[in-house]
Amino acid sequence: MQNESVTFVTQKNVVPLKKKTTLIAPSLLASNFLELGKEVDMLNNSEADWLHLDVMDGRFVPNISFGLPVISHIKKAARKICDVHLMIEEPEKYAEDFKKAGADILTVHYEACTHLHRNIQQIKNLGMQAGVALNPHTPVQLLENVIKDLDLVLIMSVNPGFGGQHFIDQSLTKIKQLRALIEAHQAHALIEVDGGITTENAAEIIAAGADVLVAGSSVFNAPDPAAAIKALKFA
């Protein structure tokens, strides 16, 4: 059973989480980059809770997305939490720069961090919430020794690097395992799930223990993105 309530604090926002409340973090990777300002305005006026920003370096994943200058401009227009997901090698070299660009939450990949505890502490010392992402093949048990230090764990339910992929069904088991790990250690990390989330599978993902749903294609490719966000939030 999920905690009755958890208070999640960022630099500007306090988001009280209550049982059955789901946070929605649309991924701007799937947005129309020619109309990025309009896309951010739409999210500001929608039921979305966070803006999810995927940073890819072409090394950790086989794709390159956007980086610090784009995030800085998004931050100026955004009225909601900027949830930055680093799919990059050596994230410790850039953590301070992403803080300056406006990241409220900074998530690094377990697989990219040789000294994970040091990475987590660096992020927190810079004044951001610290998250760790797990690729589909990475067991949640590997986070046992740092779970109480984390504000967020991101379960990748597709292989990272590209949008529009189908949800990996085994991810439901991982979400349940992570929920059990968090409760066993009396930790307070939120469970975020990213990849292949639609209005058809959102309820099952939430029931497995997810707190935050990241959705890209299913939001920005919808006829009415704001309506799609609302449908996910109340799935």
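About the thresholds
Residues numbered from 1 in each chain as written. Predicted model: local features only at pLDDT ≥ 70, side-chain atom pairs only at ≥ 80, totals over all residues. Heavy atoms only, no water. UniProt positions renumbered as here; feature names shortened; annotations may be inferred. 1 Å grid on protein atoms, 1.4 Å probe; cavity = no way out; pocket = protein on both sides within 12 Å on 5 of 7 lines; lining within 4 Å. Helix = DSSP H or I, 4+ residues; strand = E, 2+ residues; numbered from the N terminus. Polar contact = N/O pair within 3.5 Å; in protein donor to acceptor, adjacent residues only side chain to side chain. Contact = heavy atoms within 4.5 Å.

## As for the UniProt feature "binding site: a divalent metal cation" (unreviewed entry) in the protein
Moving on, step 1. The feature "binding site: a divalent metal cation" (unreviewed entry), as given by UniProt, occupies H52, D54, H85 and D194 in the numbering adopted here. Across 143 residues, the annotated set stays spatially compact, with a maximum C-alpha separation of 10.6 Å. From the set just named, the residues that line the largest pocket comprise D54 and D194.
Moving on, step 2. Locating D54 in the fold gives a position in strand β4 (residues 50-56).
Moving on, step 3. Separated by 2.8 Å, the side chains of D54 and S27 make a polar contact.
Moving on, step 4. Within the secondary structure layout, H85 lies in strand β5 (residues 81-87).
Moving on, step 5. When neighbours within four sequence positions are excluded, H85 is seen to be in contact with H52, L53, D54, V55, T107, H109, A133, L154, M156 and D194.
Moving on, step 6. Separated by 3.0 Å, the side chains of H85 and D54 make a polar contact.

## So, the UniProt feature "active site" (unreviewed entry) in the protein
Moving on, step 1. Per the UniProt entry, the sites bearing "active site" (unreviewed entry) are D54 and D194 in this numbering. Their sequence span is 141 residues, while the largest C-alpha to C-alpha distance among them is just 10.6 Å; these annotated residues converge on one region.
Moving on, step 2. With near-sequence residues (within four places) excluded, D54 lies in contact with S27, L29, S65, F66, H85, M87 and D194.
Moving on, step 3. Along the chain, the position of D194 falls in strand β9 (residues 190-194).
Moving on, step 4. Discounting chain neighbours no more than four positions away, the residues touching D194 are H52, D54, H85, L154, I155, M156, S157, V158 and V214.
Moving on, step 5. Polar side-chain contacts of D194 include one of 3.4 Å to the side chain of H52.

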